[in-house]
Amino acid sequence: MKKTVLVSGGAGFIGSHVTVELISAGYDVVIADNMSNCDMTGYEGVSKIIGRELPFIRMDFCDSQAVDKLFSDYRIDAVIHFAAFKAVGESVAEPLKYYKNNLMSFLNLLDAAHSHGGCNVLFSSSATVYGEPDQSPVTEQTPRQPSTSPYGNTKQMCEDFLRDCVKAYPDIKGIALRYFNPIGAHPSALIGELPRGVPNNLVPFITQTAIGKRECLSIFGNDYPTPDGTCLRDYIDIVDLAKAHVCAVSRMIDGKMKENYEIFNIGTGRPLSVYELVTAFEKVNGLKLNYKYADRRPGDVVAIWADPTLANEELGWKAERSIEETLASAWAWEKHLAETGK
Ligand code: UDP
């Protein structure tokens, strides 16, 4: 019998790509989303790619009764939790909004999972938990640093909620995936990142500048202690990242976990500077990008990249798409948005 995976926040950027990979791996998927940070583009794109509609529940995970009902209505074998706010700057300005939403939604999910006989829970965490590490690459053993934003705090706290619940309740198993910098889009160009307003992240800002929605990209800081003076990150292709979720879900459902709570870094292991990324984008897409150097962005870490060895060995997962393919897919998606008037 097919196993069912609940994807909270399944209409968003990462959730939509993960849904496609879960379906292609033979899972049933139930999508739940309150649509607070996206429209139906992601859901419609998924439907086109897989050739059918999936169960879609519009609901807020802060509503404990709605979460409980979801677990009554469906037999859920695993849940992947994406539903959360994610803008670092906004979280500093509105900490209560972030703490209430990101913590309450996950607590409700854990509570419902436990009261309905247990579940496999995959939490979408972030490399932000490492803060500014003393050295890169970082392994899962690298100590977490005190967070510099309420957003980062919610990632650390939710990791801890999951760890503690796994310890106390044998019916809950958990994996936290710590993403580095997810970028790019599905090769079909039917799903991708659709930020509301001015993008905070680098690649959407690049593609919007290239298409003419933004006048000029600011590269935040070129006087960092790195080879070309710009920050170093580990940019991970969104489809590769989505596949890591399938590996993690299978590991839980198939009873392959070595511990009941596990953490994996999901990155390429390859650092790239902002300047190198911009240059690679120009080269692969055959265009010139309007950019300038600007002041450092407060709160940015200088350099961080993953040691993905554990995920490679234990999950049997490896980042495969080249940065060129990824950046071409990001550009194809931006052009698709322009063609469809979005
Ligand atoms: N960045 C930039 N200009 C932008 C957006 C981002 O120079 O308009 C830089 C940012 O300073 C960082 C890198 O791009 O060094 C990645 O930033 P992003 O916000 O995408 O991810 P983060 O690593 O901060 O989570």
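As a convention, each chain's residues are numbered from 1 in the sequence order in which they are written. Local features are withheld for residues below a pLDDT of 70 in this predicted model, meaning they are given only at 70 or higher, and side-chain atom pairs are given and counted only at 80 or more; totals for whole chains, interfaces and linings count all residues. Water and hydrogen atoms were dropped before computing side-chain values, which therefore reflect all heavy atoms in the structure.

## Some points on the site of the ligand
Our working definition: We call a residue near a molecule or strand as soon as one heavy atom of that residue lies within 4 Å of the molecule or strand. Two N or O atoms count as a polar contact when they lie within 3.5 Å, although within protein this holds only if one can serve as hydrogen donor and the other as acceptor, and sequence-adjacent residues are included solely when both atoms are side-chain atoms. Working definition of accessibility: Shrake-Rupley area with a 1.4 Å probe, residue cover restricted to the visible protein chains.
Near the ligand you find 15 residues, and of these Ser218, Phe220, Arg233, Arg297 and Asp300 are the closest. In this structure, Phe220 approaches the ligand through a main-chain N or O atom, which is 2.9 Å from an oxygen atom. Between an oxygen atom of the ligand and a side-chain N or O atom of Arg233, the distance comes to 2.6 Å. A total of 520 Å² of accessible area belongs to the ligand in isolation, and the protein chains cover 85% of it.

## A word on the side chain of Ser91
This is how it is decided: Numbering of helices and strands runs from the N terminus; a helix is a DSSP stretch of H or I covering at least four residues, while a strand is a stretch of E covering at least two. Residue burial is assigned from relative accessible area. The probe radius is 1.4 Å, only protein chains are included, and a residue is buried under 20% of its type maximum, exposed over 50%, and partly exposed in between. Should any heavy atoms of two residues lie within 4.5 Å, those residues are counted as being in contact.
With respect to the helices and strands, Ser91 occurs in helix 4 (residues 88-93). With a relative accessible area of 0%, Ser91 lands in the buried category. Within the local environment of Ser91, its side chain forms a polar contact with the backbone oxygen of Val88, the two atoms lying 2.7 Å apart. With residues near it in sequence (within four places) discarded, Ser91 still touches Tyr98, Ser149, Pro150 and Tyr151.

## Description of the pattern of salt bridges
Close approach of charged atoms allows side chains with opposite charge to pair. Put simply, the test is: Whenever a carboxyl oxygen of Asp or Glu lies within 4 Å of a side-chain nitrogen of Lys or Arg, that contact is scored as a salt bridge.
Within this structure, the stated rule accounts for 18 salt bridges. The shortest N-O distance in the salt bridge between Arg296 and Asp223 comes to 3.0 Å. One end of the pair, Arg296, is in the loop between strand 13 (291-294) and helix 10 (309-315); the other, Asp223, is in the loop between strand 8 (217-220) and strand 9 (232-233), with 73 residues separating them in the sequence. In this structure Arg296 comes out as partly exposed when scored by relative accessible area, which is 41%. You can call Asp223 exposed: its relative accessible area is 51%. Note that Glu314 and Arg251 form a salt bridge whose closest N and O atoms lie 3.0 Å from each other.

## Thoughts on the packing of aromatic side chains
To keep things clear, this is the line we draw: Whether two aromatic rings pair depends on their centres lying within 6.5 Å, for rings of Phe, Tyr and Trp, where Trp uses its six-membered ring; planes under 30 degrees apart make the pair stacked, over 60 edge-to-face, and the rest tilted. The rule is short: NZ of Lys or CZ of Arg within 6 Å of the ring centre and within 35 degrees of the ring normal puts a charge over the ring.
In total, this model carries six aromatic pairs according to the counting rule given. Considering the side-chain rings of Tyr43 and Phe56, the 5.0 Å spacing of their centres and the 55° angle between planes classify their relative orientation as tilted. Note that Tyr43 is positioned in helix 2 (residues 41-50) and Phe56 in strand 3 (residues 56-58), a separation of 13 residues in sequence. Between Tyr291 and Tyr293, the aromatic rings sit 6.1 Å apart at their centres with planes inclined by 80°, giving edge-to-face as the arrangement. The ring of Phe85 has Lys97 lying over it, and the distance from NZ or CZ to the ring centre is 4.9 Å. Above the face of the Tyr224 ring, Arg296 is positioned so that its terminal group lies 4.0 Å from the ring centre.

## Observations concerning helix 2
Those residues of helix 2 lying buried are Thr41, Gly42, Tyr43, Gly45, Val46 and Ser47. Phi turns positive, to about 80°, at Gly51, one or two residues after helix 2.

## Comments concerning the environment of Leu337
Position of Leu337 relative to the elements: it lies in helix 11 (residues 323-339). Classification of Leu337 as buried rests on a relative accessible area of 2%. Once the C-alpha coordinates of Leu337 and Leu190 are considered, the two residues, 147 residues apart in sequence, prove to be 8.9 Å apart. If sequence neighbours within four positions are ignored, Leu337 has contacts with Glu193, Leu194 and Lys342.

## Observations regarding the packing of helix 1 (residues 13-24) against helix 8 (residues 238-253)
Put simply, the rule is: Here the axes come from fitting lines to C-alpha atoms, over the contacting stretch only for helices, and the angles between their N-to-C directions go from 0 to 180 degrees. The scheme is simple: roughly parallel for angles under 35 degrees, roughly antiparallel for over 145, roughly perpendicular for 65 to 115, oblique for anything else. If you view the pair so one helix is near and one far, a crossing is left-handed when the near helix is turned anticlockwise from the far one by less than a right angle, and right-handed when it is turned clockwise. Three categories are distinguished: nonpolar for Ala, Val, Leu, Ile, Met, Phe, Trp, Tyr, Cys and Pro, charged for Asp, Glu, Lys and Arg, and polar for the others, with Gly belonging to the last.
Contact geometry of helix 1 with helix 8 gives a least axis separation of 8 Å together with a crossing angle of 60°. Put simply, helix 1 runs oblique to helix 8. Taken as a pair, helix 1 and helix 8 cross one another with a handedness that is right-handed. Contacts between helix 1 and helix 8 involve Phe13, Ile14, His17, Val18, Glu21 and Leu22 from the first element and Ile238, Val239, Leu241, Ala242, Lys243, His245 and Val246 from the second. Tallied by class, residues from the contact of helix 1 with helix 8 come to nine nonpolar, two polar and two charged.

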